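An overview of the molecular structure
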Amino acid sequence: MARLNEQSTFVSFMSHSYRKHQVIFHFIDDYLLWLYEELCNYNEILYYQTLEEDIVKFCEFQERKRSIC
């Protein structure tokens, strides 16, 4: 997978973040379904908590990249 940069999309960031699970997401739906079905095992509370954490991680990543430039 290519290196992540400030132009990275959320989907590519999530693919990179979950690479240890050997998944590659091409669309946001791929990520959302995998997160809900596979990682959170249909647990809605865990799903929304994990989704929120992932969004925060992506925002922090984007902010770090912007502050370096």
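Look above for the structure.
Quick look at the structure, then. This one's a predicted model, so the numbers in the text were calculated from it and none came from an experiment.

Topic: the overall build of the protein chain
When helices and strands are tallied, the protein chain shows 3 helices and 0 strands. Start at the N end of the protein chain and walk to the C end: the helices and strands fall as α-α-α. Relative to its 69 residues, the protein chain shows a buried fraction of 30%. Within the protein chain, contacts between residues separated by at least 24 positions form 32% of all contacts whose residues are at least 6 apart in sequence. Only carbon and sulfur atoms are counted for the fraction: they give 53% of the accessible area of the protein chain, which is about 5,300 Å².

So, the packing of aromatic side chains
Tallied over the entire structure, the rule returns 12 aromatic pairs. Taking 5.0 Å as the distance between ring centres and 35° as the angle between the ring planes, the aromatic pair formed by Phe-13 and Phe-61 counts as tilted. Taken as a pair, Phe-13 in helix α1 (residues 10–17) and Phe-61 in helix α3 (residues 44–68) lie far apart in primary sequence, 48 residues in all. Across this residue pair, the class does not change: Phe-13 and Phe-61 are buried. Each member of the aromatic cluster is reached from another via a ring pair, and the members are Phe-10, Phe-13, Tyr-18, Phe-25, Tyr-31, Trp-34, Phe-58 and Phe-61.

Side note on the nonpolar core
In terms of nonpolar packing, the biggest core is built from 15 residues, with Met-14, Tyr-18, Phe-25, Tyr-31, Trp-34 and Leu-35 touching the most fellow members. Only α1, α2 (28–39) and α3 provide two or more residues apiece to this core. Ignoring sequence-local partners within four residues, the contact set of Leu-35 consists of Tyr-18, Cys-40, Tyr-47, Thr-50, Leu-51 and Asp-54.

Thoughts on unusual backbone geometry
For residues besides glycine, phi is generally negative; the peptide bonds are generally trans as well. With a phi angle near 55°, Gln-22 is a residue other than glycine that sits in the positive phi range. Within the secondary structure, Gln-22 sits in the loop between α1 and α2. A residue is classified by how much of its surface remains accessible, and Gln-22, at 76% relative accessible area, is exposed. Its identity is not glycine, yet Asn-41 carries a phi of approximately 50°, on the positive side. Mapping Asn-41 onto the fold places it in the loop between α2 and α3.

As for the environment of Phe-61
For Phe-61, a relative accessible area of 7% gives the class buried. On a C-alpha basis, the gap between Phe-61 and Phe-13 in space is 9.1 Å, while along the polypeptide they are 48 residues apart.

What counts and what doesn't
- Numbers given for residues are sequential positions, taken from 1 along each chain in its written order.
- Local features in this predicted model are restricted to residues of pLDDT 70 or higher, and side-chain atom pairs are both shown and tallied only at a pLDDT of 80 or more, whereas totals for entire chains, interfaces and linings draw on every residue.
- Side-chain measures were taken over the full set of non-hydrogen atoms in the model, leaving aside hydrogen atoms and water.
- Numbered from the N terminus, helices here are DSSP runs of H or I no shorter than four residues, and strands are runs of E no shorter than two.
- Between buried and exposed lies partly exposed: a residue is buried under 20% and exposed over 50% of the maximum accessible area for its type, with that area taken using a 1.4 Å probe on protein chains only.
- Here, two residues are considered to be in contact whenever any of their heavy atoms come within 4.5 Å of each other.
- Using a 1.4 Å probe, the Shrake-Rupley method yields the accessible areas, and only the shown protein chains count as cover for residues.
- Whether two aromatic rings pair depends on their centres lying within 6.5 Å, for rings of Phe, Tyr and Trp, where Trp uses its six-membered ring; planes under 30 degrees apart make the pair stacked, over 60 edge-to-face, and the rest tilted.
- To qualify as a nonpolar core, a set must consist of buried Ala, Val, Leu, Ile, Met, Phe, Trp, Tyr and Cys residues joined through side-chain atoms within 4.5 Å.

Nothing here speaks to function; it is all geometry.
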